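Coordinate inspection notes
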Amino acid sequence: PKVRDVNLSGSFDLDDGVGRLQFDRGSAYLANTETSISSIRLDVEHKDGDVRLHDFVARLDRSFVMATGGYGDGVLRRLQLVFNPISLDEVHSLGLIPDLSGQFGGNVILDGPLDSLRVSGQLTGAGLGIAVGALEFDGRVDDNEIALDHVDGDFFGSPVTGSFNY
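Heads up: these notes are all about the structure in this document. Within every chain, residues take consecutive numbers counted from 1 along the sequence as written. Reporting in this predicted model follows two pLDDT cut-offs: at least 70 for local features of residues, and 80 or more for side-chain atom pairs to be given and counted; totals over whole chains, interfaces and linings ignore these cut-offs and use all residues. Hydrogens and waters are ignored; side-chain quantities use all the structure's heavy atoms.

What follows concerns the pairing of strand S7 (residues 102-113). Sheet topology places strand S6 (residues 75-87) next to S7; nine bridges connect them, and they run antiparallel. Across the sheet, the residue bridging to Leu76 is Gly112, located in S7. Relative to strand S8 (residues 116-127), S7 runs antiparallel, the two being bridged by ten bridges. By the bridge assignment, Gly102 is partnered in S8 with Gly127. The criterion for strand pairing is that DSSP finds at least two bridges linking the strands in question. Going along the chain from the N terminus, every DSSP run of H or I of four or more residues is numbered as a helix, and every run of E of two or more is numbered as a strand. Between S7 and the antiparallel strand that follows it, S8, lie two residues.

By convention in these notes, a salt bridge is any Lys or Arg side-chain nitrogen within 4 Å of a carboxyl oxygen on Asp or Glu. All told, the structure shown has nine salt bridges when counted by the stated rule. With a closest N to O distance of 3.9 Å, Arg20 and Glu45 form a salt bridge. Of this pair, Arg20 sits in strand S2 (residues 18-30) while Glu45 is found in strand S3 (residues 35-47), placing the two residues 25 residues apart along the sequence. Between Asp55 and Arg41 there is a salt bridge, and its shortest N-O distance comes to 2.5 Å.

A few words on the sheet that holds strand S5 (residues 64-72). What holds strands together in a sheet is hydrogen bonding between their backbones, with the strands either parallel or antiparallel. Spatial ordering of the open sheet is given by S1-S2-S3-S4-S5-S6-S7-S8-S9-S10-S11, a layout of eleven strands whose pairing is antiparallel. Looking at strand neighbours, the two that pair on one side only are strand S1 (3-15) and strand S11 (158-165), the edges of this open sheet. Each strand of the sheet is rotated relative to its neighbour by a mean of 5°, with strand direction disregarded. Here ten bridges tie S3 to strand S4 (residues 50-60), and the two strands are oriented antiparallel to one another. A fitted line through C-alpha atoms serves as each axis, taken over the contacting stretch for helices, and the angle formed by two N-to-C directions is quoted from 0 to 180°.

A word on a nonpolar patch on the surface. On the surface, a nonpolar cluster with roughly 250 Å² of combined accessible area is contributed by Val3, Val6 and Leu8. Tracing the chain through its elements places Val6 in strand S1. We classify Val6 as partly exposed; its relative accessible area is 47%. Each patch groups residues whose relative accessible area exceeds 30% and which form no salt bridge, using 9 Å between like charges and 5 Å between nonpolar side chains of Val, Leu, Ile, Met, Phe, Trp and Tyr. Residue-level accessible areas treat just the shown protein chains as cover; the underlying method is Shrake-Rupley with a 1.4 Å probe. Each residue gets one of three labels from its accessible area relative to the maximum for its type: buried under 20%, exposed over 50%, partly exposed in between, using a 1.4 Å probe on protein chains only.

Mapped onto the elements, Thr35 comes out in strand S3. By relative accessible area, Thr35 is classed as buried at 3%. Contacts described as polar in this section are N or O atom pairs within 3.5 Å, which, within protein, must combine one atom able to donate a hydrogen with one able to accept it, while residues neighboring in sequence count only if both atoms come from side chains. Reaching out from Thr35, the side chain makes a polar contact with the side chain of Thr33 at a distance of 3.1 Å. Here, residues are in contact when the closest pair of their heavy atoms is within 4.5 Å. Each residue touching Thr35, except ones within four places of it in the same chain, is listed here: Ala28, Tyr29, Leu30, Leu60, Asp61, Glu90, Ser93 and Leu94.

Attention now moves to unusual backbone geometry. The omega angle of the peptide bond from Asn84 to Pro85 is -10°, so this bond is cis rather than trans. Relative to the assigned elements, Pro85 resides in strand S6. Even without glycine at this site, Asp5 takes up a positive phi of about 55°. With respect to the helices and strands, the residue Asp5 is situated in strand S1. Positive phi, close to 55°, is recorded for Glu34, a residue that is not glycine. Turning to its location among the elements, Glu34 is positioned in the loop between S2 and S3.

All right, on to the environment of Leu96 then. On the secondary structure map, Leu96 appears in the loop between helix H1 (88-93) and S7. In the structure, Leu96 is positioned 79 residues away from Gly17 in sequence and 30 Å away in space, judged by C-alpha atoms.

The structure is reproduced here in structure tokens:
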């Protein structure tokens, strides 16, 4: 994307093999998508091959996202994503996901090896061919299966409780 009007205030430190990038505040305009990033905050650290996201907050025109967590050696360490809401159309216009539409709010926690990832969270919204209301879930995603041990909430306006395998 073509970016203009970039404003960032922060620091980068490299000391004894530990790198840390911090933006206290920032903003930008993505010209080819006509999307404004009205605010962004970032605090990320890299040490011995591990990445620790202490803080990430971004507000776009139609999306708000917060994240914390870590990653190293193929393992996510309690990556927590909060979106209130996130517009799939807007994220697609940034080139980050396929052509999808809809909007969701909620939070998701991803934890563990990428080939056997624990997932939990709560979602409300419509898109991807589904409509959910306060849908809570907990389970595992691997290369071949989505196995949710706990599902509770509304799915297309009807209450659901139980488990889900796909």
